[in-house]
Amino acid sequence: MEKEPTVKFQVLREQAKARIMEMLEMSQGAKLLVIDPSLIGPLSLIIEHSVLKDHGVLPNIKPVEPGDMHFECRDVYYIVRPTIQMMQIISSQIKDSRENQVEKRYYLYMCPRVTTVCEKILTDNEVLGEFEVIEPLAIYLIPLEKDLISMQMESAFKDLVLERDFTMYHYIARAILQLEHCFGPIPVKEGKGVSSPHALRILKMLEEEDPEYINEHPLSEIQSIVLIDRETDMITPLCTPLTYEALLDEVFGIANNVVKVPPKVLEKDETDRDIKLSLTSADTVFQEIRDLNFCVLKPLLVDKLQYIDNTYKEKDKQKTVEELSKYMKKFKQAHKEASSVQNHLNLAIHITNTTIKDPFFNQNLDVEHSIIMGDTDSQVYDHIEALIGMEENLEVVLRLLCLLSQTQNGIKSKVYDFFRKEIVQTYGFQHIITISNLEKVGLIKRQETRSNWNTLKRNFQLINEDVNQRQPDDIAYAYAGYAPLSLRLLESLYTTGWNTDSVRSLVGDYYFMNYEIEEQSTKGKPVVVVFFLGGVTFAEVAAIRYLNSRPDAQREYVIATTHLINSNSFLSSVGELVQADVQKSSII
């Protein structure tokens, strides 16, 4: 049985839930919630529909979207991100309602904070005075699991790396300050990258402005926080993960702990709509298998099904009341797990058919392995050219090209120009901005200097082809022999430190903050929060959990992130079509 984390992140959820209930109590009677689509999922992780109903919220919660809005009741609550687009849509809807002489009371909550720009837009649109309330909904971190918290800001990588948006640094600093308010001042704070030093400097200013936070929780439950920019390791998200939860995310996509699955995958033909499955530790079967390498999954689930079947058959063998009583406990547990085991077995079979048994998938995996090993022979180029010729998914093509560029410090100019031309001619000119954005964030570029990939591989021990994938003995089990650079970087912090040539060769600076507090006796291992700025993959999460499970583990890692990513969402976050950009520009 897995050890419970020392830090109880559930308090973050309870605080957010209390704030939402307080917000809803601003008015009596029926109320309509109109929520930013990007917030509907995150808010569902905080407060249950039954609680909303008890506070007068109508069952048909609506997303904020352009067009006329029919309001079924007098009190309308908007909960949105503080963006220009949201303010323009809300302004338009309030104007329409005003013109139709419909009397309403509007309440506006911006998550996580109210911005001056948003208030100015409302003023310019002459609707600022229509609101009963304009307040922040200061939710910065949401628990996804007992050891995993997330800001659930899907645009974070784009904001941090493409836009260099100062607002995002502020949000991250506020998120860390929230942890300190809840769990005490964190003595050691350090980060590596471009964004991490900015966020920590802002945090320092916020702490100096609010010295009382130290007294709120004088005993520190967290001994250290380590910030790692996604920008320092853009290779890992481009690699194919091989843990179960990570493959679920790659194949189906996991959003806010929920995966949507076509009914035929689960052998349920009674509905045409996708079936939503909750993926949390509350499902004991999933908790046991989520971080396993996929190669051990199917036999394990088949054994579980056989055990459940045998348990059912034992029913008639119980002769005494005492034997029957013991059997019923065993039967209830087996019955509880039966449906979950069958669902996960069906999901595993589908993943096998669409990945492991798919020759196309295996060819891509072989090419990916060649790139990681540092091979740039003509076979790699030929394979990518063939993918373009067959008009395969553009994201697969871009992923391999970006991986090649990351490991080779760019692609030779002649080869780069060839592939750029082929992509535009095959997939359409509308993808030219996506390619430009990939260049801007450094995912793909022309080669100007020699690659240091072989040196990085050696110094960080990134390749372990002898890793035991069935009984893991290294974090490389999560990626078929490749150890995530981000986590080797984390491991190196406590061995060689971050003032080495290898660490300095990675993108960004090293920043350190040490806060002197009285010596405290800690029970057990020191708790370290590993905060990924720009996203973390489920396979990296699995690898960190493996580090915690090692008998020689000297620290307890818990994970914080701006959001969860996979290879598709990572690339698409900076993707942009020409038409979409033109429309956006014309509006502004």
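Reference entry: report on the structure contained in this document. The structure presented is a predicted model; accordingly, all values stated were derived computationally and were not measured. (Residues numbered from 1 in each chain as written. Predicted model: local features only at pLDDT ≥ 70, side-chain atom pairs only at ≥ 80, totals over all residues. Heavy atoms only, no water.)

This part takes up the sheet that holds strand β11 (residues 258-261). Within the open sheet, the 3 strands sit side by side as β10-β11-β12. Their pairing is antiparallel. Only two strands of the sheet have a single neighbouring strand rather than two, namely β10 (254-255) and β12 (275-278). Taken together, the 4 bridges between β11 and β12 define a ladder with antiparallel strand orientation. From the neighbouring strand, Val258 faces β12, where its bridge partner is Ser278. (Pairing = 2+ DSSP bridges. Helix = DSSP H or I, 4+ residues; strand = E, 2+ residues; numbered from the N terminus.)

Once that is clear, we can look at a negative patch on the surface. A contiguous patch of negative charge, built from Asp375, Asp377, Asp382 and Glu385, is present on the exposed surface. By secondary structure assignment, the location of Asp382 is in helix α15 (residues 378-389). (Patch = residues over 30% accessible without salt bridge, like charges linked within 9 Å, V, L, I, M, F, W, Y side chains within 5 Å. Areas by Shrake-Rupley, 256 points an atom, 1.4 Å probe, with all protein chains shown as cover. Salt bridge = Lys/Arg side-chain N within 4 Å of Asp/Glu carboxyl O. Lys, Arg positive; Asp, Glu negative; His and termini not counted. Charge placed at Lys NZ, Arg CZ, Asp CG, Glu CD.)

Note on placement: Val114 falls in the loop between β4 (105-110) and α5 (116-124). We classify Val114 as partly exposed; its relative accessible area is 23%. For the pair Val114 and Lys457, spaced 343 residues apart in sequence, the C-alpha to C-alpha distance is 45 Å. Leaving out residues up to four positions away in the same chain, Val114 has contacts with Glu119, Ile134, Glu135 and Pro136. (Buried < 20%, exposed > 50% of the residue type's maximum accessible area, 1.4 Å probe, protein only. Contact = heavy atoms within 4.5 Å.)

So, about the sheet that holds strand β15 (residues 556-561). Judged by pairing direction, the sheet is mixed, and its 7 strands sit side by side in the order β6-β7-β15-β14-β9-β8-β13 without closing on themselves. If you trace the sheet from one side to the other, it starts and ends with β6 (142-145) and β13 (509-514), each paired once. Ignoring strand direction, the axes of neighbouring strands in this sheet form an average angle of 20°. Where strand β8 (residues 188-193) meets β13, 6 bridges bridge the pair, whose relative direction is antiparallel. Note on β13: the bridge partner recorded for Lys192 is Tyr510. Across the sheet, helix α20 (residues 485-493) lies against β8, β9 (224-229), β14 (527-533) and β15, angled at about 145° from β9, the strand it touches most. (Axes fitted to C-alpha atoms, helices over the stretch in contact; angles between N-to-C directions.)

On to helix α10 (residues 244-251). In terms of residue burial, α10 counts as a mostly covered element, since 6 of its 8 residues are buried. Phi for Gly253, located one or two positions after α10, is positive at around 90°.

Turning our attention to helix α1 (residues 10-24). The terminal C-alpha atoms of α1 lie 21 Å apart, and with 15 residues this matches the ideal 21 Å at 1.5 Å per residue to within 8%. Leu12, Arg13, Ala16, Lys17, Arg19, Ile20, Met23 and Leu24 are the residues of α1 that are buried. Down the axis of α1, the sector holding all buried residues measures 160°, keeping them to one side. (Expected span 1.5 Å × (residues − 1). Arc of directions from axis to C-beta.)

With that settled, the discussion passes to the packing of aromatic side chains. Overall, the coordinates contain 14 aromatic pairs when judged by the stated rule. Measuring from centroid to centroid gives 6.3 Å for Tyr244 and Phe286, while their planes differ by 65°, and the two rings are edge-to-face. One end of the pair, Tyr244, is in helix α10; the other, Phe286, is in helix α11 (residues 284-289), and 42 residues separate them in sequence. The side chain of Arg555 reaches across the aromatic face of Tyr494, ending 3.7 Å from its centre. (Phe/Tyr/Trp six-rings, centres within 6.5 Å; stacked < 30°, edge-to-face > 60°. Lys NZ or Arg CZ within 6 Å of the ring centre and 35° of its normal.)

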